[in-house]
Amino acid sequence: MKHAPVLAAIVAALLASCATQGGVVSAAALAHLDTAERLEREGDLRGSRTELEFARSLAGTSVLPQRATRLDLALERTELAPFEALFTELNLALEEREHEAAERLLVRAEQLQPFGVAAARVTAYRNIVDARRTAESLGLALVATPTDNEGEYRISLRARHELGETVRLRCSGSALKFLSVGVSETGIESRARRRVLTDALADLELRSGEEVTAPLGTFYVPSRGLVAARARWSLATLGGTLLRGERELPANSFEAVECEVLRLDPRLPSGEVEPDEFVRYVERGAPSLPALLERAARLAPARRDEALRRATPALLRYIDPELERVAPALRWLTGLDEPPADAREWRTWLESRERRGDPARPKLDLPRADRQSVGQGSARA
């Protein structure tokens, strides 16, 4: 019996290696683990993964021995090895939002019949790609509708899709961002900002072929004493999910087309100004700032970038005091949240933009310019 204490210690150690707060691992679980290890040695990786998952399911709340973790890591390395290059390309395609390329890579990965961790990774990529393509198909756009009060606009989110099935959008956190910019004849600029939280996307049902409009808020665009004023709304969203049929798809964010409204002093000449006219006036040295601002304000919103791009060579010939003088028109045309502070910064910004080209802004849902008399109406929340 002198070996009894040693034997007891060995038994205790074995029990400790298999026991957790949830209890002792069953013999059946250990048997499947044994089989999984044998199959891995024999090269049957799919069978090994299947047996390992059986062992885990039978273990329940108990924890398998450390050799199960070692086997899991060995299988994971082997399962992922044939897909490493594909997954690297998929990551790049998704980062660049090149969804057609991502779809082609996914199809190639699926044709390789992944299993285990690789199969789970492919499924995760599939969900991301399908979520993004679904979100892009929803046709989300902000719309500004004038109310009966002058200068006041009701902002709504419009959605419509033709996916053939109902889609439910769930985004618990989103905010409507509002920026109003006005400019006087002397070039003095006024700005107003607001950020309004909304739960309009918390649970939005979108049926195929039906347009849905969700109200987001009412805003006043001030224009008293101004040549022109404009306001832009954009939607900022946090992550959420899309329910499409039986699938729940993850979405990091939802993108909606911005909208803008423009209010002009009714004393201004009617009709839009062509970029050619604005460029010619800049090339003449823009002798009158009010006249330059009038031309800038009457440009069609979609053609502001074109006018600025074509006027840039002439602007870069201006000396610093002249460039400083016309800065109010530049701020109006660019609509930058944080415009350059002085002539030197404007020159650097224009030179940089001319070298690289300026990406087009997202297409805006633009109502016609509101030529109501300035300074009327009241602010609304």
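Read on for an overview of the structure.

Thresholds applied
Position labels on residues start from 1 in each chain and follow its written sequence. Confidence filtering applies because this is a predicted model: local features only for residues at pLDDT of at least 70, side-chain atom pairs given and counted only at 80 or more, and all residues used for totals across whole chains, interfaces and linings. As a rule here, side-chain values come from all non-hydrogen atoms in the structure, and water together with hydrogens is ignored. The convention used is that axes are lines fitted to C-alpha atoms, helices contributing only their stretch in contact, and that angles between N-to-C directions extend from 0 to 180 degrees. Under the DSSP-based scheme used, a helix requires at least four consecutive residues in state H or I and a strand at least two consecutive residues in state E, with every element numbered from the N terminus. With respect to orientation, any angle under 35 degrees is reported as roughly parallel, any angle over 145 as roughly antiparallel, any angle of 65 to 115 as roughly perpendicular, and every other angle as oblique. Here a crossing is called left-handed whenever its near helix is offset anticlockwise from the far helix by less than a right angle, and right-handed whenever the offset is clockwise. A contact between two residues is defined here by any heavy atoms of the two lying within 4.5 Å. Each residue gets one label: Ala, Val, Leu, Ile, Met, Phe, Trp, Tyr, Cys and Pro are nonpolar, Asp, Glu, Lys and Arg are charged, and the others, such as Gly, are polar. Throughout this description, the term nonpolar core refers to a set of buried Ala, Val, Leu, Ile, Met, Phe, Trp, Tyr and Cys residues connected via side-chain atoms within 4.5 Å. The buried label applies to any residue whose accessible area, calculated with a 1.4 Å probe on protein chains only, is under 20% of its type's maximum; exposed applies above 50%, and partly exposed to all values in between. Here, a salt bridge means any Lys or Arg side-chain nitrogen found within 4 Å of an Asp or Glu carboxyl oxygen. Strands are labelled as partners when DSSP assigns at least two bridges between them.

## With respect to the packing of helix α6 (residues 99-111) against helix α7 (residues 116-137)
The packing of two helices is summarised by the inter-axis angle and the distance between the axes.
Consideration 1: The N-to-C vectors of α6 and α7 enclose an angle of 150 degrees; their axes lie 10 Å apart at closest approach. When the axes of α6 and α7 are compared, the pair comes out roughly antiparallel. The chirality of how α6 crosses α7 is left-handed. Facing His99, Glu100, Ala102, Glu103, Leu106, Val107, Ala109 and Glu110 of α6, the residues of α7 in contact are Val122, Tyr125, Arg126, Val129, Arg132, Arg133 and Glu136.
Consideration 2: Grouping the amino acids of the contact of α6 with α7 by side-chain chemistry returns 7 nonpolar, 1 polar and 7 charged.

## A look at the nonpolar core
Consideration 1: In terms of nonpolar packing, the biggest core is built from 37 residues, with Leu157, Leu169 and Trp233 touching the most fellow members.
Consideration 2: Look past the residues within four positions of Leu157 in its chain and what remains in contact with it is Leu140, Ala141, Leu142, Leu201, Val212, Thr213, Ala214, Leu216, Leu235 and Ala256.
Consideration 3: Leu264, Ala291, Ala311 and Leu323 belong to the second-largest nonpolar core, a separate cluster that totals 36 residues.

## Here we look at the pattern of salt bridges
Consideration 1: Counting across every chain of the model gives 33 salt bridges.
Consideration 2: In this structure, Glu189 and Arg331 form a salt bridge, with 3.3 Å as the shortest nitrogen-oxygen distance. Residue Glu189 is located in strand β7 (residues 189-198), and its partner Arg331 is located in helix α12 (residues 327-334); the two are separated by 142 residues in the primary sequence.
Consideration 3: For Arg331, a relative accessible area of 19% corresponds to the buried category.
Consideration 4: A network of salt bridges, in which partner residues are shared, links Glu100, Glu103, Glu110, Arg126, Asp130, Arg133 and Arg247.

## Description of the sheet that holds strand β3 (residues 141-146)
Consideration 1: Here we have 3 strands laid out as an open sheet, ordered β3-β4-β9, and antiparallel in their pairing. Looking along the sheet, the strands with just one partner apiece sit at the ends: β3 and β9 (212-220). Direction aside, the axes of adjacent strands within the sheet are offset by 25 degrees on average.
Consideration 2: For β3 and strand β4 (residues 152-159), the ladder comprises 6 bridges, and the chain directions are antiparallel. Residue pairing in the sheet places Ala144 in a bridge with Ile155 of β4.

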